[in-house]
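Descriptive analysis of the structure
Here is how the chains run, residue by residue.
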Amino acid sequence: MKIGVLALQGAVSEHMDMLKRVGVESYPVRKAEEIEKVDGLVMPGGESTTMGRLIQAFQLEGVIKKRFEEGMPIYGTCAGMILLSNRIEGFDQFKFGFIDLKIIRNAFGRQVDSKEIDLNVKGFDTPFHAIFIRAPVGKDPGKNVEVLAEVPEGIVFAREKNVLVSAFHPELGNDLRVHSYFVDMVKKFLK
Ligand code: GLN
């Protein structure tokens, strides 16, 4: 199994470290040929407007869309979650639209830089210590969206078919369960 971490901007090596700890090889990917060869793709956090522009400038939109349509699992954290959604409130910016979810950017208030929450996650038997950095939330999920965790501000962890999104950054903590969840999605894709 080979997982690619989109390496245009943001927390790339942190995701690679977590995947290594789960026992999976990962590669930074920047080119269409590289995205063709992976079995799963992580879109890290960063700044979603900038990352969207880079995706367009590097002409990666087509190949990512094609791999999505083939069923390849994609996991977006924070800015990655924003880019995978189909609606972004108040911002006209690039997005893939792979998950039917409305995004509110910087949903915890512009002054609130970061926040840590012990999150109850569907399917996890103990809370997940989640780190949020200028994080978005999701609202108004489509009927095929499975909500995996929610806070009063909105949805922070969700899945629709082969797309997984989190508003928080599991790659900055020590808990491997979110990355394991994604690796299980990739295992099922390869079966
Ligand atoms: N606030 C950023 C955005 O809206 C996301 C922050 C992050 O990825 N940590 O794009």
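Whatever comes next refers back to the structure up there.
Below, the structure is looked at part by part. None of the values given here were measured: they were computed from a predicted structure.

**Side note on the packing of aromatic side chains**
On inspection of all chains with the given rule, the structure shows ten aromatic pairs. What links up through ring pairs into an aromatic cluster is the set F108, F124, F128, F132, F157, F168 and Y181. Seen from the ring of F91, R105 lies directly overhead, with NZ or CZ sitting 4.1 Å from the centre.

**Quick look at the site of the ligand**
Around the ligand lies a shell formed by G45, G46, E47, S48, C78, A79, I82, R105, N106, I133, R134 and H169. Between the ligand and the protein, one listed contact pairs an oxygen atom with a backbone N or O atom of G46 at 2.9 Å. In the environment of the ligand, a nitrogen atom lies 3.1 Å from a nitrogen or oxygen atom belonging to the backbone of I133. Contact with the protein chains removes 94% of the 300 Å² of surface that the ligand exposes when unbound. The pocket occupied by the ligand, as judged from atoms lying within 2 Å of grid points, is the largest pocket.

**Describing the pairing of strand β2 (residues 25-29)**
As paired elements, strand β1 (residues 2-6) and β2 share five bridges and run parallel to each other. Residue pairing in the sheet places K2 in a bridge with E25 of β2. Taking the sense of rotation as the criterion, the β-α-β connection linking β1, helix α1 (residues 12-21) and β2 turns out right-handed.

**Quick look at the pairing of strand β11 (residues 154-160)**
Taking burial as the measure, the seven residues of β11 include six buried ones, the bulk of the element. Hairpin connection between strand β10 (residues 146-151) and β11: a loop of two residues separates the two successive antiparallel strands. Here β11 pairs with strand β12 (residues 163-166) via four bridges, running antiparallel. In the strand pairing of β12, E160 is matched with V163. Hairpin remark: β11 followed by β12, antiparallel, with two residues in the connecting loop; positive phi at K161, about 50°.

Basis of the calculations
- Residues numbered from 1 in each chain as written.
- Predicted model: local features only at pLDDT ≥ 70, side-chain atom pairs only at ≥ 80, totals over all residues.
- Heavy atoms only, no water.
- Phe/Tyr/Trp six-rings, centres within 6.5 Å; stacked < 30°, edge-to-face > 60°.
- Lys NZ or Arg CZ within 6 Å of the ring centre and 35° of its normal.
- Near = heavy atom within 4 Å.
- Polar contact = N/O pair within 3.5 Å; in protein donor to acceptor, adjacent residues only side chain to side chain.
- Areas by Shrake-Rupley, 256 points an atom, 1.4 Å probe, with all protein chains shown as cover.
- 1 Å grid on protein atoms, 1.4 Å probe; cavity = no way out; pocket = protein on both sides within 12 Å on 5 of 7 lines; lining within 4 Å.
- Sits in = over half its atoms within 2 Å of the grid points.
- Pairing = 2+ DSSP bridges.
- Helix = DSSP H or I, 4+ residues; strand = E, 2+ residues; numbered from the N terminus.
- Right-handed = clockwise from strand over helix to strand, strands pointing away.
- Buried < 20%, exposed > 50% of the residue type's maximum accessible area, 1.4 Å probe, protein only.

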